[in-house]
Amino acid sequence: MIFLSEWIKACNLEQVKESQLFGFTINDTKILLANLKGKIHATDLICTHANADLSTGFLSEEGVRCPLHLSVFNLENGEPQNLPAETPLKVYNVKIDNNEVYVEV
Ligand code: FES
């Protein structure tokens, strides 16, 4: 089976300012945007450990920290840096076009 991806508009660039997190849902896929030092990353919005919304977590140079049990996920590869989470978040490609953020889903 072939799965085709598509670029979808997530938000305007000013909705995800530096050091901020932004969560949204598109076609039942929940996605987190994170602006780390001016670079926008996109990952799954829901923690892989339990049902926690990572947009209510904390962003630092290490990545995004889950608000519930404090696992930190690397934003480049989605890998958890500490327990209890063991499964990586899915990461998505991001592009900026005309001050709008697009994510490949
Ligand atoms: S729900 Fe995120 S670490 Fe447990």
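Residues numbered from 1 in each chain as written. Predicted model: local features only at pLDDT ≥ 70, side-chain atom pairs only at ≥ 80, totals over all residues.

Enquirer: Honestly, the nonpolar core in this entry has me stumped. Any pointers?
Expert: Generally speaking, soluble globular proteins have nonpolar side chains that are buried together. The biggest cluster of nonpolar side chains holds 23 residues, and the ones touching the most others in it are Ile31, Leu32, Leu33, Ala34 and Val64. Every element with two or more residues in this core is listed here: strand 3 (29-36), strand 4 (39-44) and strand 10 (100-104). Here this core gets four residues from one element, more than from any other, and that element is strand 3. Ignoring sequence-local partners within four residues, the contact set of Ile31 consists of Ala10, Phe24, Ile26, Ala42, Asp44, Leu45, Tyr92 and Val103. (Core = buried A, V, L, I, M, F, W, Y, C linked by C-beta atoms within 7 Å. Buried ≥ 20, exposed ≤ 12 C-beta atoms within 10 Å, placed from the backbone. Helix = DSSP H or I, 4+ residues; strand = E, 2+ residues; numbered from the N terminus. Contact = placed C-beta atoms within 7 Å.)

Enquirer: What am I meant to see in the sheet that holds strand 2 (residues 21-26) here?
Expert: The pairing of strands in a sheet comes from backbone hydrogen bonds and takes either a parallel or an antiparallel form. The strand order across the open sheet built from four strands is 2-3-4-8, with neighbouring strands paired in antiparallel fashion. Whereas interior strands pair on both sides, the edge strands pair on one side only; in this sheet they are strand 2 and strand 8 (91-92). Of the pairings in the sheet, the one linking strand 2 to strand 3 comprises six bridges and is antiparallel in character. The residue bridging Phe24 from the neighbouring strand is Ile31, located in strand 3. (Pairing = 2+ DSSP bridges.)

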